[in-house]
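Report on the structure
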Amino acid sequence: MENAIMVAAALIGAGLTMGLAAIGAGIGDGAVTGKAIESMTRQPEMSGKIMTNMFISIGLIESMPIIATVIAIVFVFTDIVAGKL
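Residues numbered from 1 in each chain as written. Predicted model: local features only at pLDDT ≥ 70, side-chain atom pairs only at ≥ 80, totals over all residues. Heavy atoms only, no water.

**Digging into a nonpolar patch on the surface**
- Taken together, Ile12, Leu16, Leu20, Ile23 and Ile27 make up a surface patch of nonpolar side chains, about 540 Å² in accessible area.
- Here Leu16 is to be found in helix α1 (residues 2-42). (Patch = residues over 30% accessible without salt bridge, like charges linked within 9 Å, V, L, I, M, F, W, Y side chains within 5 Å. Areas by Shrake-Rupley, 256 points an atom, 1.4 Å probe, with all protein chains shown as cover. Salt bridge = Lys/Arg side-chain N within 4 Å of Asp/Glu carboxyl O. Helix = DSSP H or I, 4+ residues; strand = E, 2+ residues; numbered from the N terminus.)

Spelled out as structure tokens, the structure:
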């Protein structure tokens, strides 16, 4: 019975990790893109540099859900879930 609780906790933790990271990345991407478009309309001559910085920022923001997915995979495939604890 204790093993089942640990397995359930690991799976719930993995789901929460991935879900919250995806929500955070979506909010961050939206904020960065919105501000970049706003600044490109104010300064059209700087649009190339702004777009480059936007893509770098989005790449860094998107690394968060990738790392969270790796952590979730570690949660799921640990010895707890495999029943070897």
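**Here's the deal with the pattern of salt bridges**
- Throughout the structure, instances matching the rule amount to 1 salt bridge.
- For the salt bridge of Glu38 with Arg42, the shortest nitrogen-to-oxygen distance reads 3.4 Å. Remark: Arg42 and Glu38 occur in helix α1; sequence separation between them is 4 residues, near one turn of the helix.
- The class for Glu38 is partly exposed, based on a relative accessible area of 35%.
- The exposed category is assigned to Arg42, whose relative accessible area is 63%. (Buried < 20%, exposed > 50% of the residue type's maximum accessible area, 1.4 Å probe, protein only.)

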